[in-house]
Amino acid sequence: MADRVTVIGWDGSPLTAAARAALGAATLVAGAAHHLALPEVPAGAERIRLGSVALAARRIAAHRGTAVVLADGDPGFFGVVRTLRAPEFGLEVEVVPAVSSVAAAFARAGMPWDDAQVVVAHRRTLRRAVNVCRAHTKVAVLTSPGAGPAELGLLLEGVHRSFVICEELGTERERVTVVTSDRAADHTWRDPNVVIVLGGPARPSSESGGWIAGRDPSAGPRGWTLPAEAYGGDLGEGENQLLRDSQLARLGPRVGDLVWDIGCGSGAFAIEAARAGAAVIAVDSDPTACARTDATARRLGVQLQIVHGTAPHILENLPEPDVVRVGGGGAAVVSSVADRRPQRIVTHAATRDAAELIGRDLTEHGYRVECALLQSVELDTRAWSEKERSVTFLLSGVLPRRSA
């Protein structure tokens, strides 16, 4: 095993004395091509061009001598340190950090970033990164080949965002460009780059700043679901609070998910899924419902994409969902949604026959189906008399192979 492993972050500025001393004593140096070309790298040191960090870690573990790994920015922030410290390699690591590429990007933009979401976009995580950009007003995206500004812009179709694209930060070829998301695919961008994605109505912020990085979980009213008064009262059929509680619990929307809310009505469920951090597309055939949903979302400071149209036809061109609530449209819409294979579907029915029809169709699509009869009685606590009674069948379907 290597006698010592030092990981040095590099942001384009001159290396610190500690970094130069570690490099000068190195018998093995790993890094990208531009790192290995630095004049401080000893001529006699073994050199490893970094591709797979895990493969490099195995070679370092087998090396007898002093190893240095060079990485851009802060190697402890979505960087190589996590892999190098994995138990299977048995490496003890010292870190000499530099300014992270995210910090540098926001510095170039002249913006604070303690309230930003930070995501990594690879080909396998691109869709989830895009969903975070849909759901939040300020996101930094660490891109990769095939998952860069152009791909982000294409997948954000229908959602207006501004991009601050920072290419090759800390080098002589550094470039910072501001474009709208719909124009990002018109350009060719150099790697590596960081994209700051901005847009949508911002939540109110305190002049003294926040207390936690990223989204403030205490912003907005407390509770998974809110009372009808928060949505102007007079909620439609299938929107009572007990039903929404149960639907949210079964869908479990989370950061990185895309939720469809079909037949959004007042927007209550769509807004509550968005408050959980998910991206949400709210669909309704009634323009008044769409306008009401938009106004309430703005008032409560959440991001929604609202689509006016009739399901199932309007669903054909929407991006693939992770979980779906069908609030209107019945069995035909549920069947069309199941054809798209989301991980989870919830809906409700007024009668047992209607519930059975929907449940059988979901089963035929390969979903594991649960059905529960929900009955609630609201009491007037001044006289302890019955005020309102609600009875509905709650159905949920889960694809077993994608239920995690």
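Rules used in this analysis
The written sequence of each chain sets the order in which its residues are numbered from 1. Totals for whole chains, interfaces and linings use every residue, but because this is a predicted model, local features are given only for residues with pLDDT of at least 70 and side-chain atom pairs only at 80 or more, for both listing and counting. For side-chain calculations, the full set of non-hydrogen atoms in the structure is used, while hydrogens and water are omitted. Put simply, DSSP H or I for four residues or longer makes a helix, DSSP E for two residues or longer makes a strand, and each gets a number counted from the N terminus. Under the convention used throughout, the expected extent of a helix is 1.5 Å for every residue step, that is, one less than its residue count. Accessibility here uses a 1.4 Å probe with only protein chains present; expressed as a share of the type maximum, an area under 20% marks a residue as buried, one over 50% as exposed, and anything in between as partly exposed. Directions from the helix axis toward the C-beta atoms define the arc. Contacts between residues were defined by any pair of non-hydrogen atoms, one from each residue, lying within 4.5 Å. N or O atoms closer than or at 3.5 Å make up a polar contact, with two conditions inside protein: a donor-capable atom paired with an acceptor-capable one, and, for residues adjacent in sequence, both atoms drawn from side chains. Between Lys or Arg on one side and Asp or Glu on the other, a salt bridge is scored when a side-chain nitrogen of the former is within 4 Å of a carboxyl oxygen of the latter. Note that patches include only residues with greater than 30% relative accessible area and no salt bridge, and the join distances are 9 Å for like charges and 5 Å for nonpolar side chains (Val, Leu, Ile, Met, Phe, Trp, Tyr). Method for areas: the Shrake-Rupley scheme with a 1.4 Å probe, in which residue coverage is limited to the protein chains shown. Strand pairing follows a simple DSSP-based rule, namely that at least 2 bridges must link the two strands. Geometry is summarised by axes, namely lines fitted to C-alpha atoms with helices restricted to the contacting stretch, and by angles between N-to-C directions that run from 0 to 180 degrees. Buried Ala, Val, Leu, Ile, Met, Phe, Trp, Tyr and Cys residues form a nonpolar core when they are joined through side-chain atoms within 4.5 Å.

A. A look at helix H10 (residues 287-300). If you check H10, its first and last C-alpha atoms are 20 Å apart, about what 14 residues at 1.5 Å a residue would give, namely 20 Å. Buried within H10 we find Ala289, Cys290, Thr293, Thr296, Ala297 and Leu300. Taken around the axis of H10, the buried residues stretch over an arc of 135°, which confines them to a single face. Opposite the buried face of H10, by more than 90 degrees, sit the exposed residues Pro287, Thr288, Arg298 and Arg299. Among the structural elements, helix H9 (268-275), strand S12 (279-284) and strand S13 (305-308) are those in contact with the buried residues of H10. Regarding H10, its N-cap is Asp286, as a side-chain oxygen of that residue lies 2.9 Å from the backbone nitrogen of Thr288 further along. Gly301 sits one or two residues past H10 and shows a positive phi near 75°.

B. Summary view of the pattern of salt bridges. One pass over the structure, following the stated rule, counts 18 salt bridges. Between Asp322 and Arg127 there is a salt bridge, and its shortest N-O distance comes to 2.5 Å. Taken as a pair, Asp322 in the loop between S13 and strand S14 (323-326) and Arg127 in helix H6 (residues 126-135) lie far apart in primary sequence, 195 residues in all. Accessibility expressed as a relative area gives 0% for Asp322, which makes it buried. Here Arg127 falls in the partly exposed class, since its relative accessible area comes to 33%. Measuring nitrogen to oxygen at the nearest pair gives 2.5 Å for the salt bridge that ties Arg190 to Glu168. Taken together, the residues span a long stretch of sequence, with Arg190 in the loop between strand S9 (175-180) and strand S10 (193-198) and Glu168 in the loop between strand S8 (162-167) and S9 at a distance of 22 residues. The network of salt bridges with common partners includes Arg128, Arg254 and Asp257.

C. Expanded view of a nonpolar patch on the surface. A surface patch of nonpolar side chains, about 320 Å² in accessible area, is lined by Val377, Leu379 and Trp384. Residue position: Leu379 is located in strand S16 (residues 368-380). Residue Leu379 is classed as partly exposed on the basis of its relative accessible area, which comes to 39%.

D. Just the sheet that holds strand S7 (residues 138-142), in detail. An order of S6-S7-S10-S8-S9 is seen for the five strands of this open sheet, with the pairing classed as mixed. The open sheet is flanked by strand S6 (117-120) and S9, the only strands paired with a single partner. Sheet twist, expressed as the mean angle between neighbouring strand axes with direction ignored, is 20°. Here S6 pairs with S7 via four bridges, running parallel. Its bridge partner being in S7, Val118 is matched across the sheet by Ala140. Along the sheet face, H6 touches S6, S7 and S10 and points at about 160° away from the line of S6.

E. Quick look at the nonpolar core. Grouped together as the largest cluster of nonpolar side chains are 26 residues, with contacts concentrated most on Trp260, Ile262, Leu315, Val326 and Val337. At the level of secondary structure, the elements contributing two or more residues to this core comprise strand S11 (258-262), S12, S14, helix H11 (330-339), strand S15 (344-349), helix H12 (352-364) and strand S17 (385-398). It is H11 that contributes the most residues to this core, four residues altogether. Once residues within four sequence positions are removed from consideration, Ile262 is found in contact with Val283, Ala311, Leu315, Val324, Arg325, Val326, Gly327, Gly328, Val333 and Val337. Of all hydrophobic cores here, the second largest spans 22 residues; its members include Cys264, Ala270, Ala278 and Val323.

F. Up close: the side chain of Gln303. Secondary-structure assignment places Gln303 in the loop between H10 and S13. Separated by 3.4 Å, the side chains of Gln303 and Arg161 make a polar contact.

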